[in-house]
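# Notes for the structure review
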Amino acid sequence: MSARKIIIDTDPGQDDAVAILMALASPEEIDVLGITAVAGNVPLSLTSKNARIVCELAGKANVKVYEGCDRPMGRALVTAEHVHGETGLNGPALPDPVMTVETQHAVDFIIETLRSHDTGTVTLCPLGPLTNIATAFTKAPDIIEKVQEIILMGGAYFEVGNITPAAEFNIYVDPQAADIVFKSGASIVVMPLDVTHKVLVTKPRNDAFRALGTKVGKAVAEMTDFFERFDKEKYGSEGAPLHDPCVTAYLIAPDLFSGRHINVEIETQSELTMGMTVADWWGVTERTPNALFIGDVDADGFFKLLTERLSRL
Ligand SMILES: [Ca+2]
């Protein structure tokens with residue numbers, strides 16, 4: 001089987017960084033056509049810079065990084081320095097990137113790339129707010145049929161919210177964009193908090209990263225150390241949830257995950273529940289299923305795979 005062609009759309013973020021490292025370490029399964037940065041965890045200038053820092057950490061300075069939208073489609077940008085630190089990548093001391101950002105806008109890159117491929121052959125992997133993807137779909141609806149699958153981190157049902165009582169961060173930041181993507185008709189796989197909160201970097205798992213004895217292993221251990229202080233304080237959890245790497249792990253080993261094909265709608269009106277993913281997990285409506293909503297994961301299998309992949313860099 002040839003490697004699956006993907007575009008990573010991202011707002012790094014320590015967990016985005018781990019997701020990107022895992023993808024770049026897996027060329028047999030994953031062909032990264034490009035990385036598109038979006039504003040989210042931190043402003044665009046930092047997510048773009050962080051994406052390049054991560055490529056260089058992986059020793060893959062040849063990967064193309066594009067800058068996309070610097071704000072949500074219809075709302076002011078909300079960021080998450082309280083979780084990720086001022087740079088978005090707090091934890092390890094990593095050098096500024098030598099790589100430059102591509103001159104083409106990320107949205108145009110997404111459109112051009114999809115148009116140049118056959119129907120159903122490019123997978124989009126959004127790890128942040130869906131602004132770039134929704135903007136591309138709105139500007140060029142013809143590209144939607146080129147999408148093989150959208151595998152995204154976002155939303156929640158049983159875990160409800162992490163930025164408001166009702167909403168997960170990525171969807172909350174740009175609910176309008178999320179609504180466009182979920183209504184697009186593209187095949188969607190969702191990694192909600194319900195599954196990402198089961199993928200926790202416990203002490204032994206963090207030790208396993210560090211024990212790789214490589215620059216990458218050390219950086220990932222330091223990133224997840226930084227990231228976990230927030231979740232330990234807030235949720236009393238055993239460690240940092242690796243939200244975005246669930247997307248990469250699904251590309252490599254989908255059998256680690258299980259979920260339900262259900263209808264998911266996005267709240268775009270009520271300020272109280274803005275950005276909520278209204279997921280019909282129990283099938284109580286007649287609404288047409290539009291997403292595979294993941295609910296469970298083999299966490300030990302996930303960390304075994306992740307650690308093995310990181311050891312390759
Ligand atoms: Ca992210």
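Our structure's up above, just so we're on the same page.
The notes below deal with the structure included here. (Residues numbered from 1 in each chain as written. Predicted model: local features only at pLDDT ≥ 70, side-chain atom pairs only at ≥ 80, totals over all residues. Heavy atoms only, no water.)

Tallying secondary structure elements over the chain gives twelve helices and twelve strands in all. Over its C-alpha trace the chain gives a radius of gyration of 18 Å, about what one expects of a compact globule, namely 20 Å for 313 residues. The C-alpha extent of the chain, read off along each of the three principal axes, is 50 × 45 × 40 Å. When each of the 313 residues of the chain is scored for burial, the buried share is 59%. Sequence separation of at least 24 residues holds for 82% of the intrachain contacts in the chain that already meet a minimum separation of 6. Looking at the chain, you have 26 positive and 43 negative side-chain charges, and the mean spots of the two groups are 4 Å apart. (Helix = DSSP H or I, 4+ residues; strand = E, 2+ residues; numbered from the N terminus. Rg over C-alpha atoms; globule rule 2.2 N^0.38 Å. Buried < 20%, exposed > 50% of the residue type's maximum accessible area, 1.4 Å probe, protein only. Contact = heavy atoms within 4.5 Å. Lys, Arg positive; Asp, Glu negative; His and termini not counted. Charge placed at Lys NZ, Arg CZ, Asp CG, Glu CD.)

Moving on, we come to the environment of glutamate 265. Residue placement: glutamate 265 occurs in strand S10 (residues 264–266). By relative accessible area, glutamate 265 is classed as partly exposed at 25%. Residues glutamate 265 and aspartate 179, 86 residues apart in the sequence, show an inter-C-alpha distance of 7.0 Å. Sequence-distant contacts of glutamate 265, that is, excluding residues within four places in its chain, are made with Lys183, Met276, Thr277, Val278 and Arg287.

Protein-derived ligands of the calcium ion are Asp11 (OD), Asp16 (OD), Asp16 (OD), Leu127 (O) and Asp244 (OD), with the metal-ligand distances lying across 2.2 to 2.6 Å. One chain supplies every donor to the calcium ion, and in sequence these donors are spaced D-x4-D-x110-L-x116-D. Of the two residues, aspartate 11 sits in the loop between strand S1 (4–10) and helix H1 (14–24) while aspartate 244 sits in the loop between strand S8 (240–241) and helix H11 (245–252), which places them 233 residues apart along the sequence. The pair formed by aspartate 11 and aspartate 244 is uniform in burial state, with each residue classed as buried. (Donors = N, O, S within 2.8 Å, 3.2 Å for Na, K, Ca; no water.)

In terms of nonpolar packing, the biggest core is built from 63 residues, with Phe257 and Phe302 touching the most fellow members. With eight residues, the top contributor of residues to this core is H1. The contacts of phenylalanine 257, once residues within four sequence positions are left out, are Met191, Val195, Cys246, Ala249, Tyr250, Ile294, Asp296, Val297 and Phe302. Of all hydrophobic cores here, the second largest spans 37 residues; its members include Ala140, Ile144, Ile150 and Trp281. (Core = buried A, V, L, I, M, F, W, Y, C linked by side-chain atoms within 4.5 Å.)

The next point concerns the packing of H1 against H11. Two elements in contact, H1 and H11, have axes separated by 7 Å at closest approach and are oriented at 20 degrees. By the criterion of interaxial angle, the relationship of H1 to H11 is roughly parallel. Residues Asp15, Val18, Ala19, Met22 and Ala23 of H1 touch H11, and the partners they reach there are Pro245, Thr248, Ala249 and Ile252. For the contact of H1 with H11, the class distribution of residues is seven nonpolar, one polar and one charged. (Axes fitted to C-alpha atoms, helices over the stretch in contact; angles between N-to-C directions. Parallel < 35°, antiparallel > 145°, perpendicular 65-115°, else oblique. Nonpolar A, V, L, I, M, F, W, Y, C, P; charged D, E, K, R; others polar.)

By themselves these figures say nothing about function.
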